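Structural overview for review
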Amino acid sequence: MKDEILAVVAMTLKQIKSDLTIYLDSVMQSDKELYSVLSIEEAGTENIGKNIQNKAWLVDIAFVDNVMNNQSKKEMDALTVNCGAFFNALEIDGNEIYPEDYQVYETDGVPHVTFNVAFPQIIEWSEE
């Protein structure tokens, strides 16, 4: 499921800014003027019924600005604002998923967009 989420999030980021360079979380620095670092981690499960539980994934997108001038600051602000609209609903594996706990925050001058996506799973019980 992680790969499907990664593909949809990357495609959505390219809709927001087509020339955006996207790295996975193993890359922490780049010589690109503006790039994003994408991290997708398992966030746990939640029982929502007798035979159904949600498996959740945490998506974190960091936008890194190596230029740090007024123009690039405006571009970064526009990126984070647009993410709210573009990540309102995601089509993953034929399901329309509505991200939860959407947040924009900043760490060490780097803006992040983070949210959870959860997928219902049927629990199979064994008689043994």
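Below you will find a few notes about this structure. Just so we're clear, the structure is a prediction, and the values are computed from it rather than from any experiment. (Residues numbered from 1 in each chain as written. Predicted model: local features only at pLDDT ≥ 70, side-chain atom pairs only at ≥ 80, totals over all residues. Heavy atoms only, no water.)

What follows concerns the overall build of the protein. For the protein, the count of helices and strands is 2 helices and 7 strands. Projected onto the principal axes, the alpha-carbon positions of the protein cover approximately 65 × 25 × 20 Å. Residues counted as buried form 37% of the 128 residues belonging to the protein. Considering only intrachain contacts with a sequence separation of at least 6, the fraction spanning at least 24 residues in the protein is 54%. Surface accessibility of the protein: about 8,100 Å² in total, with carbon and sulfur atoms responsible for 48%. Looking at the protein, you have 8 positive and 23 negative side-chain charges, and the mean spots of the two groups are 7 Å apart. (Helix = DSSP H or I, 4+ residues; strand = E, 2+ residues; numbered from the N terminus. Buried < 20%, exposed > 50% of the residue type's maximum accessible area, 1.4 Å probe, protein only. Contact = heavy atoms within 4.5 Å. Areas by Shrake-Rupley, 256 points an atom, 1.4 Å probe, with all protein chains shown as cover. Lys, Arg positive; Asp, Glu negative; His and termini not counted. Charge placed at Lys NZ, Arg CZ, Asp CG, Glu CD.)

Tracing the sequence through the fold places Val64 in strand β3 (residues 52-65). Of the residues examined, Val64 reaches a relative accessible area of 14% and is grouped as buried. Setting aside anything within four residues of it in sequence, one finds Val64 in contact with Glu33, Leu34, Tyr35, Met76 and Val110.

This part covers the sheet that holds strand β7 (residues 110-122). Ordered in space as β1-β2-β3-β7-β6, the 5 strands form an open sheet in which the pairing is mixed. A single partner strand is all that each edge strand has here, and the edge strands are β1 (21-24) and β6 (100-107). Ignoring strand direction, the axes of neighbouring strands in this sheet form an average angle of 25 degrees. Judged from the 4 bridges that link them, β1 and strand β2 (residues 34-47) form a sheet pairing that is parallel. Residue pairing for β2: Tyr23 is matched across the bridge by Val37. Each of β1, β2, β3 and β7 touches helix α1 (residues 2-16); the most contacted strand, β3, lies at about 40 degrees to it. (Pairing = 2+ DSSP bridges. Axes fitted to C-alpha atoms, helices over the stretch in contact; angles between N-to-C directions.)

A cluster of nonpolar side chains, namely Ile48, Ile52 and Ile122, defines an oily patch on the protein surface of about 290 Å² accessible area. With respect to the helices and strands, the residue Ile122 is situated in strand β7. The class for Ile122 is exposed, based on a relative accessible area of 64%. (Patch = residues over 30% accessible without salt bridge, like charges linked within 9 Å, V, L, I, M, F, W, Y side chains within 5 Å. Salt bridge = Lys/Arg side-chain N within 4 Å of Asp/Glu carboxyl O.)

Tallied over the full model, the rule gives 4 salt bridges. Between Glu42 and Lys55 there is a salt bridge, with its nearest N and O atoms 3.4 Å apart. Of this pair, Glu42 sits in strand β2 while Lys55 sits in strand β3, and the two are 13 residues apart along the sequence. The salt bridge involving Lys73 is made with Asp77; its shortest N-O contact spans 3.3 Å. Of the two residues, Lys73 and Asp77 are both situated in helix α2 (residues 70-86); the distance of 4 residues between them amounts to about one turn of the helix. Residue classification places Lys73 among the partly exposed residues on the basis of a relative accessible area of 45%. The exposure class of Asp77 is partly exposed, given its relative accessible area of 36%. In the salt-bridge network here, residues are joined through shared partners; they are Lys17, Asp19 and Glu75.

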